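One letter stands for each residue in the lines below.
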Amino acid sequence: MGNTKHVSLNLGANEEIIYFDVLHTRTEDWLSTEISSSLIVQSEPQAAPARGRGRGHARGRGRGRAQPPVATPVAEHQVDLGEEVPAPAQTVPAGPAQAVRNEKDLESINVPLKYRSMNSFWKYYSGEKVAPFPTIFIGGNHEASNYLWELYYGGWAAPQIYFLGFAGVIKFGNIRIGGLSGIYKSHDYNRGHYEKLPYNQRDIRSIYHVREYDVHKLLQVEEPIDIFLSHDWPVGITDCGNLKALLRQKPFFEQEIQEGTLGSRPAAELLAKLRPSYWFSAHLHCKFAALVQHEKDGPSTKFLALDKCLPGRKFLQVIEIESGPGPHELQFDEEWLAITRKYNAVLPLTTRSANYSDVHLDTEQCHEFVRNKLQTRGSKPFEFVQTAPCYNPSHPVANGVFHGCYKNPQTEALLQFLELDYLLNKMPESKGA
């Protein structure tokens, strides 16, 4: 395993992590799978140049803090699966989600005061610790939203820990990974990203609500997606798995399922449009597998969610995913950057929705522009840069610390690369507020 490359994907604060192998799982076996809802990818090149191969395991919810190496849970599932599971040096359940750098970041997390804790992400942010392999995460509903807003388009939240953005697509080798951060609330869906720091009691809850603008951009994706991540489940996904078993475990889901309100309608729309090979979600804290057949003899999507990472709970499982040759590293996705370039001018920053009639850039020209840029610069994301002071247990941060939103150099570099204006901290016109 000396040449093995890993990448982990996390589905939001306090949620599950999946650590997987790049190989293959038979579709007909999927509904018996027990797997987590956040993802870790491991890739191991083979002698044959056309495939990549790896092996991995999934972990469940970890209460928003970096955890020590997996030991007992891995051993239990090695017995169940009849094969050895190479544990990573360390996993980050809820990992970089709840990416709290200092005490002030805690003020931007929607959790009761008694649950506000520094945990250990700050050690990765400071460089005291380094994740042993690249970790990709999306946001949920208990995040340091001030920090994630700095990285709205995606970027390194800490060395080796990459935020996929409020919506985004990135590549690991030739595997395309897409994701949508946040949870769905219908009353905020058609609004823009109007929240401004410091967040009031309304904004601290709405900042992580999914917006139509971000979903609209994802709906423009035409090239195949291998893996998609969302925090809440696509509505209707329960029809494609063992509903009776789910209701035995979570009987209080029944009314919402009957009303068609358990889950996210935008996520269901994305599932129907993108048809990824795999879809992983979190939020509901239970194991559930589903197989979505999009049309007769057509493609299918293997859906997985898992339980919390606690003793006696089902949160760990091997999966295998096919892959091509490397390089096994994170790379910008050309199509997604082209979509970002096309739609950035109408990023809505008030309560009003985006006005797509103001989109004037041609799709193919955006692709050609990005393609030429990537050929010149390369596809690696921009380097991590600290923007806020890091927590120091010996020297608590004073109350007068900066309350606003930092301009993250990664975000600035990406927008300069795409020749776009920086809009994130732009104050709206009073008439649009």
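Overview of the structure. Keep in mind that what you see is a predicted model, and the values were worked out from it rather than measured. (Residues numbered from 1 in each chain as written. Predicted model: local features only at pLDDT ≥ 70, side-chain atom pairs only at ≥ 80, totals over all residues. Heavy atoms only, no water.)

Turning to its location among the elements, N110 is positioned in the loop between α1 (72–81) and α2 (121–126). Residue class for N110 comes out buried when judged on its relative accessible area of 16%. Remark: the alpha-carbon pair of N110 and E143, spanning 33 residues in sequence, is separated by 7.1 Å. A distance of 2.7 Å separates a polar atom in the side chain of N110 from a polar atom in the side chain of Y208. (Helix = DSSP H or I, 4+ residues; strand = E, 2+ residues; numbered from the N terminus. Buried < 20%, exposed > 50% of the residue type's maximum accessible area, 1.4 Å probe, protein only. Polar contact = N/O pair within 3.5 Å; in protein donor to acceptor, adjacent residues only side chain to side chain.)

Residue P198 is bonded to the preceding L197 through a cis peptide linkage, with omega at -10°. Within the fold, P198 resides in the loop between α4 (186–189) and α5 (203–206). A positive phi angle is found at H285, which is not glycine, with a value near 55°. Tracing the backbone through its elements, the reader meets H285 in the loop between β13 (278–280) and β14 (288–293).

The subject of this paragraph is the packing of aromatic side chains. Tallied over the entire structure, the rule returns 21 aromatic pairs. Taken together, a centroid distance of 5.5 Å and an interplanar angle of 80° make the contact between W149 and F166 edge-to-face. Of this pair, W149 sits in helix α3 (residues 145–150) while F166 sits in the loop between β9 (161–163) and β10 (167–172); the two residues are 17 residues apart in sequence, bridging distant segments of the chain. Each of the two residues, W149 as well as F166, counts as buried. Centre to centre, the rings of Y343 and Y356 are 6.1 Å apart; their planes meet at 80°, and the pair counts as edge-to-face. (Phe/Tyr/Trp six-rings, centres within 6.5 Å; stacked < 30°, edge-to-face > 60°.)

Looking now at helix α9 (residues 265–274). Every buried residue belonging to α9 is among P266, A267, A268, L270, L271 and L274, and all of these are buried. Residue S264 occupies the N-cap position of α9, its side-chain oxygen lying 3.1 Å from the main-chain nitrogen of A267. Of the residues trailing α9, R275 is marked for its positive phi of about 50°.

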